[in-house]
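Structural overview
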Amino acid sequence: MHRSNKAEYILLFLLLFLAAGAFGGLPPRVDSARAAVLTEAEQLHIQRLNSSEYPPGTYVPGEVAITLEEPSLEVLAKVAREFSQLIEVGLDELAASFASKPASFISRLRLKPGIDELEASRLLTASPLIKLAEPNVIFSAATTTPDDPLYDRQWNLNSNNGVQADQAWDLQRGSAGLTLAVIDTGMDYLHEDLLGRRVDGYDYYNNDDDPWDDNGHGTLVAGVACANTDNTIGVAGLDWYAGVMPLKALGADGQGTLDDVVNCVYHAAANGADVINMSFTSGTYSQQLQEAVEYAYNKGCVIAAAVGNEGDSRLNYPAGMTYVIGVGSTNASGDHSPSSNTNSSVDLSAPGDVIWGPSPDDKYDCESGTSDSCPHVSGAALLALADNPGATPDEVWRMLRDAAVDKGSPGYDVEYGWGLLDCYSALRVPLVEIASPAEFSYPSSGKVSVQAASKHVDIKYLELWVDGELEDSHTVTPASGDVDYTFMAWDLSEMAEGTHTITVKAIDNSGFLEGERRITVYRNLTQPEPARDWYMAEGTTAWGFEEYVLVQNPNAGGASIEVTFMEPGGSTREFAFSMPGNSRLTITVNSLVPERDVSTHVHSDLPVVAERAMYWDDKTGGHVAVGANAPGTDWYMAEGTTAWGFEEYVLVQNPNAGRASIEVTFMEPGGSTREFAFSMPGYSRLTLDVNSLIPESDVSTHVHSDLPVVAERAMYWEGKEGGHDTLGVTGGCTTWLLAEGTTSWGFEEYVLIQNPNTSDATVTFDFLKPEGERVRRVFTVGPLARFTLNVADVVPGSDVSTYVQADQAVIAERAMYWPRGSRSRAGGHCSTGSVTAATTWYLAEGTTAWGFDEYILLVNPTDRIAHATLVFMRTDGSTKSHSVDVAGGSRVTVFANEVDPDRDASVQVISDWPLVVERAMYWSDKEGGSDALGVLQDA
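This report concerns the structure included in the present document. Since the structure is predicted, the reported quantities are computational estimates derived from the model, not experimental observations. (Residues numbered from 1 in each chain as written. Predicted model: local features only at pLDDT ≥ 70, side-chain atom pairs only at ≥ 80, totals over all residues. Heavy atoms only, no water.)

**What to know about a negative patch on the surface**
Counted only if it meets this: Patch building starts from residues that exceed 30% relative accessible area and form no salt bridge, then joins like charges within 9 Å and nonpolar side chains (Val, Leu, Ile, Met, Phe, Trp, Tyr) within 5 Å. The accessible surface values rely on the Shrake-Rupley method and a 1.4 Å probe; as for residues, cover is taken only from the protein chains in view. What counts as a salt bridge is simple: a side-chain nitrogen of Lys or Arg found within 4 Å of a carboxyl oxygen of Asp or Glu. His is not counted here, nor are the chain ends, while Lys and Arg score as positive and Asp and Glu score as negative. By convention, charge coordinates are those of NZ in Lys, CZ in Arg, CG in Asp, or CD in Glu. Numbering of helices and strands runs from the N terminus, with a helix taken as a DSSP run of H or I at least four residues long and a strand as a DSSP run of E at least two residues long. Whether a residue is buried, partly exposed or exposed follows from its accessible area with a 1.4 Å probe, protein chains only, as a fraction of its type maximum: under 20%, in between, or over 50%, in that order.
Residues D467, E469, E471 and E494 make up a contiguous surface patch of negative charge. Along the chain, E469 falls in strand β18 (residues 469-480). Assessed through its relative accessible area of 53%, E469 is described here as exposed.

Below you can see the structure in the form of structure tokens.
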């Protein structure tokens, strides 16, 4: 921008600012009127700010970073006017900073002394002028000072424990048509070993177009990836020809802030960068940085970041973000560097100890740390892109991952990720694509078709693996660099219920190189879906209970509803209702069938969703359960106890005209079992008092009937101080996903496993924390036994979702309890898991009125960012939509009261990537609470 244009912008800003009355007005408050018109992103962001921790030293005191709804000087002037008592206004500086930057997607604001940064961020986010605001997070260059003696220079490129660059250069040396963006301390672009490599660039730290390196870190990082090579001077870079875009976000002290880092990412992606290197870390997550990363990924950028050098398990960003390759460090012996962090953000490892490269003023130096590991991956990505023009970021990632030398534990581990970077093998490993079935689909049958290609080796073998088992193989005759093949010996119809991983491997002539593609597919025939019929075994309007049947009509047209109530002796009552499209109906059962134990059958002329809610003692407690689509002959319930002050009941509904014979097997923790037999008339309901059958024991339950029935389990404690209820499941599965869960806020959480098999089951628990961190534990559950895991023993003090995988079919539930006052378990709720994820979910019950707090829990088991829309369907047929993003491998909680306050409403969740969805509700300051898994649509 020319100087005259800058002056014009600054003058325009000052005139707008003064005309608006810059020095009047109080800081606005987030009142209820404003909260009602906040965007979905703003509402979610304010929730996150309310629950986030920003330890001292992780952000710049007295500063916030903001994203304007419309980036312009005019809007910035309005912000300055509205928040004049909040912001330490420096007019010249503010305007000049905005006008001078080629990209100003976010800006920093200085606060007046004494203003709290988090409170300011909440107030600013509530403004219609501002999309997002948060404290100005500090990022630090991931550098450690070595005290080891020097190894031969650049062992990292050509030794046995290096990245095999010398062999890779025989195949590919790079392309001048590619660009590496180095977001760092800048670059000495006049250095003899970087001369001629600069392309574009900008100094966002100092707001000028000269990204000069006043620290040295960025110059060495750029040189590791792209130093001039084969030029008789200096050191060699991995890529010989790519341009380098230096983007300065860190100062002479190696530190920078959120606004500069985010602007650099946007600048890189918008100006043609193919690879982005970020050799810095922050321990604090930023939504604005994640959005910038997603923007760059969608622009086709491969993104690599250092995992950090604290030598512990802490999770750093951006390495821990979706779409970023997190890079750990190894030493000259090929071992994990002790200073390199170990956690789920580690995707690959690369040399990071005593790495030589250029330093300012034509000098050379060595550094150690994950900062120096990271540009190895960036350089390798450039070589892969030069060799495979047009490759996507996912394809480049698979080349690097599949070629990595496995280190540590077999397969993935948190020390090495997928292994040590091997540039030579990455150029030769076959690239595999599965043409069918589609990823995250629900195929009922069909064959697996594959396309595989390799530029430098011939493919000799193809293998089809399903859930870790080899199902089919093929020898390519003659061996070829391009293969198109359909496996015929195995059919998708052979998959059992649950979540499945299909892997196709392409292997070269030597048998050494394996390229693979893994996809997730689903089979789910037993979980309820929108249907014309719904069955609910439990229900009563006696004993002080209130009962409600909740029906959600997700269709555009109106639905006619018939409800049949079945009493213990076999008598029935029928009622008819109608409801508009996209609406919710509440049926008050006490007004229809007073003082009766009842089971319920809901029939509709259109597919609907139905749940049943019950409350007692003026809502001292309550529980809710989703109905079943159809009766079955077998039902399983993992949770259950008659010890610890609990009462347990098993409820059975017989919707048949004939009498049903029932066999009930109770499975105890040690593997012992007890069996009982019962009989019940047609169109009736049976209540089993488990305490009288199996006193003082934890139990899982199996109900078998000669006729299809429906079974639930209800539990109460401390004289009905609290209670919960769960519909049984009709069979076991090897995979279960549980969206809700926390060991924080005073909650107890337990995952209950029932093993109905006659042999041991090995069960793996993956606990997913909100920002993507994953914790894994493995346990053995004995045959015909019940297992209880106290989640706080594994993941204390955290919100958590759980993914359960077993080597044979088991049943999984999750129970939660919480205190109130002097009562250690004032309330509690329980839910089974989902055996698959889905892109559409329904929640029939739900209210933000009557003193209820409602939360929608969404967990994303994929490695993509899921963009979800929640549609609240009200009783009158009107709707309200709310959007939310869920990062890969993480969970998000939506507080419905802030989205659609004081309403009874059902919810539909629609996402571009599969999720698992639950709903939790609490009332009277957690006097009681309930939880239910959503109803999925599998296609």
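Next, the rest of the story.
**Here's the deal with the layout of surface pockets**
The criterion, for reference: Buriedness for pockets is judged along seven lines, at least five of which must meet protein on both sides within 12 Å for an open set on the 1 Å grid over protein atoms alone, while cavities are sets there where a 1.4 Å probe fits but cannot get out, and lining residues have an atom within 4 Å of a point. Grid points are joined across faces, edges and corners, and a volume is the space filled by probe spheres set on the points. When residue character is reported, Ala, Val, Leu, Ile, Met, Phe, Trp, Tyr, Cys and Pro are called nonpolar, Asp, Glu, Lys and Arg charged, and the others, Gly included, polar.
By volume, the second largest pocket amounts to about 440 Å³. As for the second largest pocket, its lining consists of 30 residues, of which P528, L727, G728, V729 and T832 are closest to the centre. Of all the secondary-structure elements, those providing two or more residues to the lining of the second largest pocket are β28 (621-626), β35 (722-727), β42 (823-832) and β49 (928-933). Partitioned by chemical class, the residues of the lining of the second largest pocket number 15 nonpolar, twelve polar and three charged.

**Some remarks on the sheet that holds strand β6 (residues 243-248)**
Where we set the bar: Here, strands pair whenever DSSP counts at least two bridges between them.
With parallel pairing, seven strands are arranged side by side in an open sheet as β5-β6-β4-β8-β10-β11-β12. Strands at the two margins of the open sheet, each flanked by one partner only, are β5 (202-203) and β12 (348-351). Pairing geometry for strand β4 (residues 179-184) and β6, over six bridges, is parallel. Each bridged residue has a counterpart across the sheet, and for T179 the counterpart in β6 is G243.

**As for a nonpolar patch on the surface**
Where nonpolar side chains cluster on the molecular surface, the patch consists of L190, L195 and W212 and spans about 300 Å² of accessible area. If you trace the backbone, L190 turns up in the loop between β4 and β5.

**Some words on helix α10 (residues 258-270)**
How we decide: A helix's residues, less one, multiplied by 1.5 Å, set its expected span.
With 13 residues, α10 should reach 18 Å at 1.5 Å per residue; the first-to-last C-alpha distance of 18 Å fits that figure. Extensive coverage of α10 is indicated by the burial of twelve of its 13 residues. Of the positions making up α10, those classed as buried are L258, D259, D260, V261, V262, N263, C264, V265, Y266, H267, A268 and A269. Positive phi appears at G272, one or two residues downstream of α10, with a value of about 95 degrees.

**Examining unusual backbone geometry**
Here the bond from S436 into P437 is cis, since omega is 0 degrees, no more than 30 degrees from zero. Structurally, P437 can be placed in the loop between β15 (431-436) and β16 (448-453). Across the junction of T477 and P478, the peptide omega takes the value -10 degrees, indicating a cis bond. Positioned with a positive phi, L784 is a non-glycine residue whose angle comes to about 50 degrees. Looking at the secondary structure, you find L784 in the loop between β39 (774-781) and β40 (785-790). Exposure remark for L784: the relative accessible area of 28% places this residue in the partly exposed category.

**Notes on the state of the cysteines**
Spelled out, the test is: By definition, disulfides here are pairs of cysteine sulfur atoms that lie within 2.5 Å.
The full count for this structure, using the stated rule, is zero disulfides. As a non-bridged cysteine, C226 has C423 as the owner of its nearest cysteine sulfur, 12 Å distant. Relative accessible area serves as the criterion here: at 0%, C226 is assigned to the buried category. Residue C301 stays outside any disulfide, its sulfur separated by 13 Å from that of C264, the closest cysteine. By relative accessible area, C301 is classed as buried at 1%.

**Describing the environment of K407**
Rules: Contact criterion: two residues are considered in contact whenever any of their non-hydrogen atoms come within 4.5 Å of each other.
If you trace the backbone, K407 turns up in the loop between α13 (393-403) and α14 (423-428). Along the backbone, K407 and F678 are 271 residues apart, and their C-alpha atoms lie at a distance of 57 Å. The contact partners of K407, leaving out residues within four places of it in the chain, are G334, D413, Y416, G419 and L420.

**Some details on the environment of C423**
By the secondary structure assignment, C423 is in helix α14. Separated by 257 residues in the primary sequence, C423 and D166 place their C-alpha atoms 9.1 Å from one another. C423 has contacts with V163, A168, L238 and A380, leaving out every residue within four places of it along the chain.

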